[in-house]
Amino acid sequence: MTGTGKGQDQERAFRSVAGRFATGVAVATAVGPDGPVGMTVNSFTTVSLSPRMLLVCLRRDCRLLGAVRRTGRFAVTVLGDDQREEAAWFASRGRPAGTDGFAGVAYDDERATGCPRLTDGVAYFGCEAVSTDPAGDHAVLMGAVRSAGLLRPTPPLLFVDGDYARVAAPREAQVAR
């Protein structure tokens, strides 16, 4: 991206360059005043093993961020490579709020936070919000991991070059609960 174009051209070029970096796909959730809230995220990473911490980047105007600010808790479910529909559903801005937004999606309450955990995912994290820092049109949400676990031995869903992708099956792992 060496051009000096303006506005949307620069945004498209930046998105194209950044899209060359493959990311995992997850759904971050919380409990809002009208019930469960969730959205697809791919700006998600672990930050520290001791203490266990992770971060998620969220649009500053999203319902999920407001719910996390109110409750101080959130969960992240890593999606499997057979969950493209769930990824698209939770990425849809037109999706209904509350329990209607989770209709047809298998979930339970993650034990440490009470936030929705998509039970068909491949892994999950229950977190206590530690900080929220502005970053352009997004906010960086830092969480202290209170619980984590594997859900099923399916390869994770990836996103690269504007589309979903697959990887080979990961090796079996043990996660401290």
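Each residue is numbered by its place in its chain's sequence as written, counting from 1. Confidence filtering applies because this is a predicted model: local features only for residues at pLDDT of at least 70, side-chain atom pairs given and counted only at 80 or more, and all residues used for totals across whole chains, interfaces and linings. Note that the side-chain values use all heavy atoms of the structure and ignore hydrogens as well as water.

1. Thoughts on the packing of aromatic side chains
- Aromatic rings from Phe, Tyr and Trp, with only the six-membered ring used for Trp, were paired whenever their centres fell within 6.5 Å, and each pair was classed as stacked if the ring planes differed by under 30 degrees, edge-to-face if by over 60, and tilted otherwise. Per the counting criterion, the structure on display carries 4 aromatic pairs.
- Judged by centre distance (5.0 Å) and plane angle (65°), the rings of Phe90 and Phe102 are edge-to-face. Of this pair, Phe90 sits in helix 3 (residues 84–91) while Phe102 is found in the loop between helix 3 and strand 7 (107–109), placing the two residues 12 residues apart along the sequence.
- Ring centres of Phe159 and Tyr164 lie 5.4 Å apart, and the angle between their planes is 70°; this geometry places the pair in the edge-to-face category.
- Any residue under 20% of the maximum accessible area for its type is buried, any over 50% is exposed, and the rest in between are partly exposed; the area is computed with a 1.4 Å probe on protein chains only. A relative accessible area of 26% means that Phe159 is categorised as partly exposed.
- Tyr164 gets classed as partly exposed once you look at its relative accessible area, which sits at 21%.
- An aromatic cluster of at least three residues, connected via ring pairs, comprises Phe90, Phe102 and Tyr107.
- Positioned over the ring face of Tyr124 is Arg117, at 4.5 Å from the centre of the ring. The numbering of helices and of strands both runs from the N terminus, where a helix is a DSSP run of H or I of at least 4 residues and a strand a run of E of at least 2. As a reminder, the over-ring test applies to NZ of lysine and CZ of arginine, requiring each to be within 6 Å of the ring centre and within 35 degrees of the ring normal.

2. A few points about the nonpolar core
- Take the buried residues of types Ala, Val, Leu, Ile, Met, Phe, Trp, Tyr and Cys, join any two whose side-chain atoms come within 4.5 Å, and each joined set is a nonpolar core. Within the largest apolar cluster, 25 residues are counted, with the highest numbers of intra-cluster contacts made by Val56, Leu58, Leu64, Phe74 and Phe125.
- Among the elements of the structure, strand 2 (26–32), strand 3 (35–41), strand 5 (52–59), helix 2 (63–71), strand 6 (73–78), strand 9 (123–135) and strand 10 (138–150) are those that each provide at least two residues to this core.
- The residues contacting Leu58, other than those within four sequence positions of it, are Met39, Val41, Leu64, Leu65, His138, Ala139 and Leu141.
- Listed in part, the 9 residues of the second largest apolar core include Val27, Ala87, Phe90 and Leu118. For this analysis, residues touch if any pair of their heavy atoms sits within 4.5 Å.

3. What about the UniProt feature "domain: Flavin reductase like" (unreviewed entry) in the protein?
- UniProt positions are given in the numbering used here, feature names are shortened, and annotations may be inferred rather than shown by experiment. UniProt's feature table lists "domain: Flavin reductase like" (unreviewed entry) at residues 18–166, given in the numbering used throughout.
- What you have in residues 18–166 is 12% helix and 50% strand, and the ends, taken at the C-alpha atoms, are 18 Å apart.

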